[in-house]
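Understanding the architecture of this molecule
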Amino acid sequence: MSAADRQSSLEREIEETRERLAGTIDQLLHRSSPKTIANRQIAAVKATYVDSATGQPRVDNILKTVGVVAGVVTAFALLRKLAR
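Residues numbered from 1 in each chain as written. Predicted model: local features only at pLDDT ≥ 70, side-chain atom pairs only at ≥ 80, totals over all residues. Heavy atoms only, no water.

1. Focus on the overall build of the chain
Test applied: The helix and strand labels rest on DSSP assignments: H or I over at least four residues marks a helix, E over at least two residues marks a strand, and numbering proceeds from the N terminus. The quantity called the radius of gyration is restricted to C-alpha atoms. Its globule counterpart is 2.2 Å times the number of residues to the power 0.38. Relative accessible area decides the class of each residue, using a 1.4 Å probe on protein chains only: under 20% of the type maximum gives buried, over 50% gives exposed, and in between gives partly exposed. Shrake-Rupley sampling with a 1.4 Å probe provides the accessible areas, and residues are treated as covered by the protein chains on show and by no other component.
Secondary structure assignment for the chain yields three helices and zero strands. Each helix and strand of the chain, ordered N terminal to C terminal, gives the series α-α-α. For the chain, whose C-alpha radius of gyration is 27 Å, the value lies well above the compact-globule estimate of 12 Å for 84 residues. A burial count over the chain gives 5% of its 84 residues as buried. With the model as given, the accessible surface of the chain reaches about 7500 Å², and the carbon-plus-sulfur share is 63%.

Rendered as structure tokens:
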């Protein structure tokens, strides 16, 4: 292999590495954008309360959440009443 062949091979490898890095940076920018993060979180919440296979609400998770919220509201109301 001549020096010119090695140099052209190295240049080709460098260019391929640059292209891979540019693609990786683009992916990171997309994954870290606020809109993408918000969409990912919305999908996670929807998955908690809606069955993705059937589209039906997950009543058990909804009832758990309602119970926790009602408990917290009741606790705050009792604490406020006791503080007076």
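2. Notes on the pattern of salt bridges
Selection criterion: Take a side-chain nitrogen of Lys or Arg and a carboxyl oxygen of Asp or Glu: if they are within 4 Å of each other, that pair is a salt bridge.
Considering all chains together, one arrives at two salt bridges under this definition. Residue Arg18 is joined to Glu15 by a salt bridge in which the shortest nitrogen-to-oxygen separation is 3.7 Å. Here Arg18 pairs with Glu15, and both are found in helix α1 (residues 3-31), just three residues apart, close to one helical turn. For Arg18, a relative accessible area of 54% puts it in the exposed group. Residue Glu15 is classed as partly exposed on the basis of its relative accessible area, which comes to 37%.

3. Some points on a nonpolar patch on the surface
Short version of the rule: Only residues whose relative accessible area exceeds 30% and that form no salt bridge are eligible for patches; like-charged ones are grouped when within 9 Å, while nonpolar side chains (Val, Leu, Ile, Met, Phe, Trp, Tyr) are grouped when within 5 Å.
On the surface, Val68, Val72, Phe76 and Leu79 cluster together to form a nonpolar patch covering roughly 410 Å² of accessible area. For Val68, a relative accessible area of 53% corresponds to the exposed category.

4. Here we look at the confidence of the model for the chain
Heads up, the condition is: Residue-level confidence of the predictor, termed pLDDT, takes values from 0 up to 100.
Residue-level pLDDT values for the chain average 93, and 99% of them are 70 or greater. Averaged over each element, pLDDT in the chain is lowest for α1 (92) and highest for helix α3 (residues 59-83) (95).

5. Some words on the environment of Thr36
Put simply, the test is: Here a polar contact is recorded for every N or O atom pair within 3.5 Å, except that within protein the pair must consist of a potential hydrogen donor and a potential acceptor, and residues adjacent in sequence are included only if both atoms are side-chain atoms.
Mapped onto the elements of the fold, Thr36 is located in helix α2 (residues 34-49). The sequence separation of Thr36 and Ser52 amounts to 16 residues, and the corresponding C-alpha distance is 20 Å. Here Ser33 takes part through its side chain, which lies 2.8 Å from a polar atom of the side chain of Thr36.

6. Here we look at the environment of Val45
Position of Val45 relative to the elements: it lies in helix α2. Distance from Val45 to Glu19, taken between C-alpha atoms, is 36 Å for residues 26 residues apart in sequence.

7. With respect to the side chain of Thr36
This is how the line gets drawn: We call two residues in contact whenever any of their non-hydrogen atoms come within 4.5 Å of each other.
Of the residues examined, Thr36 reaches a relative accessible area of 16% and is grouped as buried. Once you skip the residues sitting within four places of it in the chain, Thr36 turns out to touch His30 and Arg31.

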